[in-house]
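# Summary of the model geometry
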Amino acid sequence: MKRSTLILLKTVAWIACLVPFAWLVWGAVNNSLGPDPTAEIANTTGLTTLWMLSITLAISPLRKLSPRLSWLIRLRRLVGLFVFFYATLHMLTWVALYNNFSIQAMLNDVTKRRFIMVGAATWLLLLPLAVTSTNWAIRKLGGRNWNRLHMLIYPAAVCAIIHYWWKVKTGVLSPMPFTLVVAALLLARPVMAWLQQRRRARAVAA
Amino acid sequence: MLIGKPPDIRSSEITSESAYRQFMNRRRFLRGAVAAGAAAVAADRLAQVFEPQIEALADTKLQTVPSPLTTTGEQLTSLEDITRYNNFYEFGVNKGDPAKNAGGLPTRPWSVKVEGKVAKPLTFDIDDLLKLRPLEDRVYRMRCVEAWSMVIPWVGYSLSELIKQCNPLPSAKYVQFLSYYDRHVEKWANESTIYWPYSEGLRMDEAMNPLTLLTFGLYGQTLPNQDGAPVRVIIPWKYGFKSAKSMVTIKFVDKMPHTTWNDMAPNEYGFYSNVNPNVDHPRWSQKTERRIGLPFYEQRRTTLMFNGYSDQVASLYKGMNLRKDF
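Residues numbered from 1 in each chain as written. Chains lettered and ligands numbered in written order. Predicted model: local features only at pLDDT ≥ 70, side-chain atom pairs only at ≥ 80, totals over all residues.

### Some points on the overall build of chain A
The secondary structure content of chain A amounts to nine helices and zero strands. Ordered by position from N to C terminus, the α and β elements of chain A give α-α-α-α-α-α-α-α-α. Dimensions of chain A, computed from C-alpha atoms along their principal axes, come out at roughly 65 × 40 × 35 Å. Split into buried and exposed, the 206 residues of chain A put 25% on the buried side. By sequence separation, contacts in chain A at least 24 residues apart represent 68% of the contacts at least 6 residues apart. (Helix = DSSP H or I, 4+ residues; strand = E, 2+ residues; numbered from the N terminus. Buried ≥ 20, exposed ≤ 12 C-beta atoms within 10 Å, placed from the backbone. Contact = placed C-beta atoms within 7 Å.)

As structure tokens, then:
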């Protein structure tokens, strides 16, 4: 891929990833976030985190479908860092708008409520991934260790799903689409590895 | 000069599917009015006769009188927010869904059945209920169990006024409210796994408390469909889900009736569900709430015991452990 194409692609991705944030800022300034702006900010940042997390999980299986899609990997770090950006905004909404920065209230929340606990766990799982996203960190850790560390995205995705299910009222099915997408993306990995192995075995046999 | 034969039915006269559905529901109430052999075209025409009436009934102004039981010193939530931010799961689980989907609720004709432990089962037509007592303007705070709140100018009269007309037997210890349910009208009801129809209930003394309002309108007009038209109850010292919408049955019973959210998650939603900042919901604190319609940095406020109605209702729960009976 030409360098100029890559820059263009990354610029487009940046802008696309900033759209939900820009929408929130615009809404906050104009007080147009609907009847319950606090909940709107919490929901928008949470859902954006979830869907961007799904996009990062989709990149690996998608590029294996065709060598022509291999350029997708160049965008994964960018989207991944936006996952952390929105997860952090989501967490700060909880700190500021739900607990008014009260340490006591937050401790209470984390220890007493499992959906908050698993939400906090999700953010903590994403933190080392964001911290080790620089080229320097990759070099320092070595590719193998770095890859191993970044497997944390899988438990993070599972925790995010649990957080969502535990947050909604019993009987409400709105986390279902996200759950199915992530389940499919996680299952795609062993399935594709198995298919590849079989193809390779056939090639050897032939 | 007549060039072609005009079509039998003008397109403006063809009934839409939703209007037809409404008609089908109304039909259940039209005892024998529609002969079994009526031709489909005639039925459609009949639906047309009813349709404009529905339009005219929405947002009808109500004659009201002031009430000493109204809440003062609060800024009212806007009509826009009251009508676009609703929990009415029969019409979808998102807050904006009821405003979009509740148009098909057939609010006329409408009757409320009174049954169970009463001297004689009764049926009240909605128009008779509206005339039973003078309609009062009552501003109440509304606190949702999800920790948001509004201030709403309801229109109605104390439910006790209706109960007095029902002659409940001494064995009637509780009263159960059942909401309208028709899965053809409320096609969104399967977005959750709730068992319909929506059921709520009160202890008799709670139902007889003058604050408990049989509610027909808000902001001086008939209830919009998404707010529980044409008649609902409002119990301002309890979490919002206790205040059943679009009521079709009032049943007097001797045992605590089953209630919808309590069925779904008994550890989260108690039968009493009094607003209580000292008893947290298992998944969030109830100490504070978000007032709807304010900028995000002004929403947060302290939740009041019994939603600020302690003077009128605290005595109902004397000697009870509200942590256990939440």
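### With respect to the overall build of chain B
From N to C terminus, chain B includes nine helices and 13 strands. When the 326 residues of chain B are sorted by exposure, 40% land in the buried category. Summarising the internal contacts of chain B: among those between residues at least 6 apart in sequence, 72% fall at separations of at least 24.

### Overview of the environment of Ala 13 of chain A
All names here are of chain A. Residue placement: Ala 13 occurs in helix α1 (residues 3-30). In sequence terms Ala 13 and Asn 100 are 87 residues apart; their C-alpha atoms lie 34 Å from each other. Apart from the residues lying within four places of it in its own chain, the contact partners of Ala 13 are Leu 75, Leu 78 and Val 79.

### Remarks on the sheet that holds strand β6 (residues 174-179) of chain B
Residues and elements named next belong to chain B. Read across the sheet, five strands follow the order β3-β2-β11-β6-β7 without closing on themselves; strand pairing throughout is mixed. Edge strands, defined here as strands with exactly one partner in the open sheet, are β3 (122-125) and β7 (199-203). The mean angle between the axes of side-by-side strands here comes to 20°, regardless of whether they run parallel or antiparallel. (Pairing = 2+ DSSP bridges. Axes fitted to C-alpha atoms, helices over the stretch in contact; angles between N-to-C directions.)

### Description of helix α8 (residues 153-167) of chain A
Residue and element names in this part refer to chain A. Along its 15 residues, α8 runs 21 Å from first to last C-alpha, staying within 8% of the 21 Å computed at 1.5 Å per residue. Among the residues of α8, Ala 156, Ala 157, Cys 159, Ala 160, Ile 161, His 163, Tyr 164 and Lys 167 are the ones counted as buried. The inward-facing, buried residues of α8 abut α2 (37-65), α5 (114-131) and α9 (176-205). (Expected span 1.5 Å × (residues − 1).)

### Points about the pairing of β7 of chain B
Residue and element names in this part refer to chain B. Of all five residues in β7, four are buried, a share of seventy percent or more. Where β6 meets β7, five bridges bridge the pair, whose relative direction is antiparallel. Looking at the pairing, Phe 177 lines up with Glu 200 of β7.

### Observations regarding the interface of chain B and chain A
With 21 residues of chain B at the contact, the number on the chain A side is 19 residues. Along the lines of polarity and charge, the residues of the side of chain B that touches chain A split into ten nonpolar, five polar and six charged. (Nonpolar A, V, L, I, M, F, W, Y, C, P; charged D, E, K, R; others polar.)

### Observations concerning the confidence of the model for chain B
All names here are of chain B. For chain B, per-residue confidence averages 87 on the pLDDT scale, and residues scoring 70 or more make up 82% of the total. Within the model, the stretch residues 20-57 combines pLDDT values under 50 with 32 contacts to residues more than four positions away or in other chains. Across the predicted assembly, pTM comes out at 0.78 and ipTM at 0.75. (pLDDT = per-residue confidence, 0-100.)

### A closer look at the pairing of β6 of chain B
Residue and element names in this part refer to chain B. Of all six residues in β6, six are buried, a share of seventy percent or more. On β6, burial covers both faces: Tyr 174, Gln 176 and Leu 178 on one face and Val 175, Phe 177 and Ser 179 on the other are all buried. By the bridge criterion, six bridges tie β6 to strand β11 (residues 247-253) in an arrangement that is antiparallel. Looking across to β11, one finds that Leu 178 is bridged to Thr 249.

### What about unusual backbone geometry?
Pro 197 of chain B follows Trp 196 of chain B through a cis peptide bond whose omega is 5°. Mapped onto the elements, Pro 197 of chain B comes out in the loop between β6 and β7. Geometrically, the link from Ala 229 of chain B to Pro 230 of chain B is a cis peptide bond, its omega value of -5° lying close to zero. The topology assignment puts Pro 230 of chain B in the loop between β9 (221-222) and β10 (232-234). Phi angles above zero are rare outside glycine, and Phe 101 of chain A is one such case at about 65°. Residue placement: Phe 101 of chain A occurs in the loop between α3 (76-98) and α4 (103-112). With 9 C-beta atoms counted inside 10 Å, the residue Phe 101 of chain A sits in the exposed group. The phi dihedral of Tyr 219 of chain B is positive, around 50°, even though this residue is not glycine. Its place among the elements puts Tyr 219 of chain B in the loop between β8 (213-218) and β9. The class of Tyr 219 of chain B is partly exposed, set by 19 C-beta atoms lying within 10 Å.

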